[in-house]
Amino acid sequence: MAFLFKSSAERGTVWAGAFARLLPDMPFRTWPDVGDADDIRYLAAWTVTRDLLAGLPNLEVLFSVGAGVDQLDLSQVPPQVTVVRMVEPGLTDGMVQYATFATLALHREMLDYGQAQTDHRWAPRPLLPAGQRRVGVMGLGHLGTAVLAALRPFGFVLRGWSRSGGDVEGVEIFAGSNALPAFLSGCDILICLLPLTNDTRGILCRKSFDLLPHGAGIINVGRGGHLVEQDLLDALDSGHLSGAVIDVLNTEPAAADHPFWSHPRILLTPHVASQTRDDSSAEVLISNIRRHQAGQALLGQVDRTRGY
Ligand code: NDP
Ligand code: OXD
């Protein structure tokens with residue numbers, strides 16, 4: 001029984017050390033040095049090919065090294081293979097930091113101050129209390145709920161939307177597609193933290209933007225496929241939306257002539273809202289392997305019919 005690693009060399013060094021310490025009986029192999037492929041029961045990767053999977057006849061668990069699994073073509077993964085996404089504290093911390101920063105940047109109108117600085121204009125604006133700003137999070141999973149918990153102490157009015165709803169302290173919850181218009185109509189700042197699936201692709205579109213209050217801002221830290229980029233440009237240019245913080249794009253990296261680079265109402269970052277942290281992710285992964293060997297449910301196990 002062996003583990004196959006297919007990700008960055010730096011992460012490989014940290015993970016190999018963690019395996020040697022915490023799971024010394026499990027051989028740690030680094031792709032493309034697969035060794036005897038029949039031994040491989042566990043694979044961790046960002047993406048896989050049909051050929052790679054076909055060469056691992058005894059694979060039992062495929063771990064995504066990221067929180068999302070949309071980059072994996074699940075139709076190519078044999079049905080008996082369990083698919084697991086990354087749920088680990090480093091990834092959550094990073095997302096909480098970024099979403100808090102982006103929310104505060106929009107709340108405190110930093111796009112305007114950035115422009116004023118470029119123009120050498122000393123242009124103070126009235127400060128709106130946080131209690132008069134409504135912040136909504138789409139996706140109430142590991143990351144969405146952690147972001148809401150971090151935003152709460154600022155005093156924002158919080159709301160959240162997901163497929164099944166649930167309870168999040170201090171947050172007004174909306175569940176299912178029928179509740180989406182009511183949710184959106186009360187979001188001055190909208191944060192997308194959904195997984196990318198057939199149901200969520202293109203959800204940040206003209207129709208959704210029209211439901212947001214005039215002057216709302218959006219933050220997309222989900223996936224580029226959630227956003228219809230031209231619809232965002234149109235909503236910003238018409239003045240209906242006031243600004244956007246965008247971390248993910250349909251095509252990454254962005255082309256040199258992508259309109260978001262130079263748009264004055266968009267703050268663009270290169271898919272860095274969060275990153276899997278090498279040390280904490282190794283511990284989570286090893287615990288998951290132990291759980292699998294004990295026949296227990298895995299943290300972050302993907303429901304392949306839902307796609308997340
Ligand atoms: P989870 O699986 O824990 O949570 C997903 C949430 O989305 C759940 O609340 C789920 O609802 C909800 N959801 C899924 N489909 C729908 C739908 N059709 N309608 C309404 N709600 C839906 O995911 P995480 O919180 O761990 O991660 C979320 C995403 O964040 C990742 O998939 C990834 O795309 C993105 N991400 C981006 C990063 C970046 O650097 N930009 C870094 C890490 C993650 P329910 O609870 O009812 O199932
Ligand atoms: C992830 C990401 O899904 O980095 O982990 O976006």
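Structure's up top.
Residues numbered from 1 in each chain as written. Chains lettered and ligands numbered in written order. Predicted model: local features only at pLDDT ≥ 70, side-chain atom pairs only at ≥ 80, totals over all residues. Heavy atoms only, no water.

Concerning the packing of helix α3 (residues 89-107) against helix α5 (residues 142-151)
Rules: Axes here refer to lines fitted to C-alpha atoms; in helices the fit is confined to the stretch in contact. Angles between the N-to-C directions go from 0 to 180 degrees. Numbering of helices and strands runs from the N terminus, with a helix taken as a DSSP run of H or I at least four residues long and a strand as a DSSP run of E at least two residues long. Angles below 35 degrees are treated as roughly parallel, those above 145 as roughly antiparallel, those between 65 and 115 as roughly perpendicular, and all remaining angles as oblique. Handedness of a crossing follows from how the near helix is turned relative to the far one, being left-handed for an anticlockwise turn of less than a right angle and right-handed for a clockwise one. Note on contacts: a residue pair is in contact if any heavy atoms of the two residues lie within 4.5 Å. Residue polarity follows a fixed list, in which Ala, Val, Leu, Ile, Met, Phe, Trp, Tyr, Cys and Pro are nonpolar, Asp, Glu, Lys and Arg are charged, and the others, Gly among them, are polar.
It is the contact of α3 with α5, at a shortest axis distance of 9 Å, that shows an interaxial angle of 50 degrees. The pairing of α3 with α5 is recorded here as oblique in orientation. The interaxial crossing formed by α3 with α5 has right-handed handedness. Of the residues in α5, those touching α3 at Leu 91, Thr 92, Met 95, Val 96, Ala 99, Thr 100 and Thr 103 are His 142, Leu 143, Ala 146, Val 147, Ala 150 and Leu 151. For the contact of α3 with α5, the class distribution of residues is 9 nonpolar, 4 polar and no charged.

Describing the site of ligand 2
For the record, the criterion: When we say a residue is near a molecule or strand, we mean one of its heavy atoms is within 4 Å of it. Polar contact is the term for a pair of N or O atoms within 3.5 Å; when the atoms are in protein, one must be able to donate a hydrogen and the other to accept it, and sequence-neighboring residues count only if both atoms are side-chain atoms. With a 1 Å grid laid over protein atoms only, a set of points is called a cavity when a 1.4 Å probe fits there but cannot get out and a pocket when it is open yet has protein on both sides within 12 Å along at least five of seven lines; lining residues have an atom within 4 Å of a point. A pocket or cavity is taken to hold a molecule when more than half of that molecule's atoms are within 2 Å of the pocket's grid points.
The immediate surroundings of ligand 2 are formed by Gly 66, Ala 67, Gly 68, Leu 91, Arg 223, His 271 and Ser 274. The separation between an oxygen atom of ligand 2 and a polar main-chain atom of Gly 68 is 3.0 Å. Because more than half of its atoms lie within 2 Å of the grid, ligand 2 is assigned to the largest pocket. Per-class residue counts for the shell around ligand 2 are 2 nonpolar, 4 polar and 1 charged.

Topic: the side chain of Asp 231
Tracing the backbone shows Asp 231 in helix α8 (residues 229-237). Each residue touching Asp 231, except ones within four places of it in the same chain, is listed here: Cys 205, Arg 206 and Phe 209.

Structural notes on the side chain of Thr 100
Note the cut-off: Think of it in three bands: with a 1.4 Å probe and only protein chains considered, a residue is buried below 20% of the maximum accessible area for its type, exposed above 50%, and partly exposed in between.
Structurally, Thr 100 is set in helix α3. By relative accessible area, Thr 100 is classed as buried at 14%. Apart from residues no more than four positions distant in its own chain, Thr 100 is found in contact with Ala 150, Leu 151 and Phe 154.

Digging into the packing of helix α1 (residues 9-22) against helix α9 (residues 278-293)
Orientation of α1 relative to α9, taken along the N-to-C sense of each, is 45 degrees, at an axis distance of 9 Å. Comparing their axes, α9 and α1 come out oblique. Relative to α9, α1 is oriented so that their crossing is right-handed. Taken together, the residues of α9 that come into contact with α1 (itself represented by Glu 10, Arg 11, Val 14, Trp 15, Ala 18, Phe 19 and Leu 22) are Asp 278, Asp 279, Ser 281, Ala 282, Glu 283, Leu 285, Ile 286, Ile 289 and Arg 290. When the residues that make up the contact of α1 with α9 are grouped by side-chain class, the tally is 9 nonpolar, 1 polar and 6 charged.

Some thoughts on the sheet that holds strand β6 (residues 134-138)
Inclusion rule: A pair of strands is labelled paired if DSSP reports no fewer than 2 bridges between them.
Read from one edge to the other, the open sheet built from 7 strands follows the order β8-β7-β6-β9-β10-β11-β12, with strand pairing classed as parallel. Among the strands making up the open sheet, the edge pair consists of β8 (171-175) and β12 (266-268). Each strand axis lies, on average, 15 degrees off the axis of its neighbour in the sheet, ignoring direction. Sheet topology note: the β6/strand β7 (residues 157-162) ladder contains 5 bridges and is parallel. Paired with Met 138 across the bridge in β7 is Trp 161. Relative to strand β11 (residues 241-246), α3 is tilted by about 160 degrees, and along the sheet it contacts β6, β9 (189-192), β10 (216-220), β11 and β12. Packing against the sheet, α5 makes contact with β6, β7, β8 and β9, and its axis sits at approximately 165 degrees to β6.

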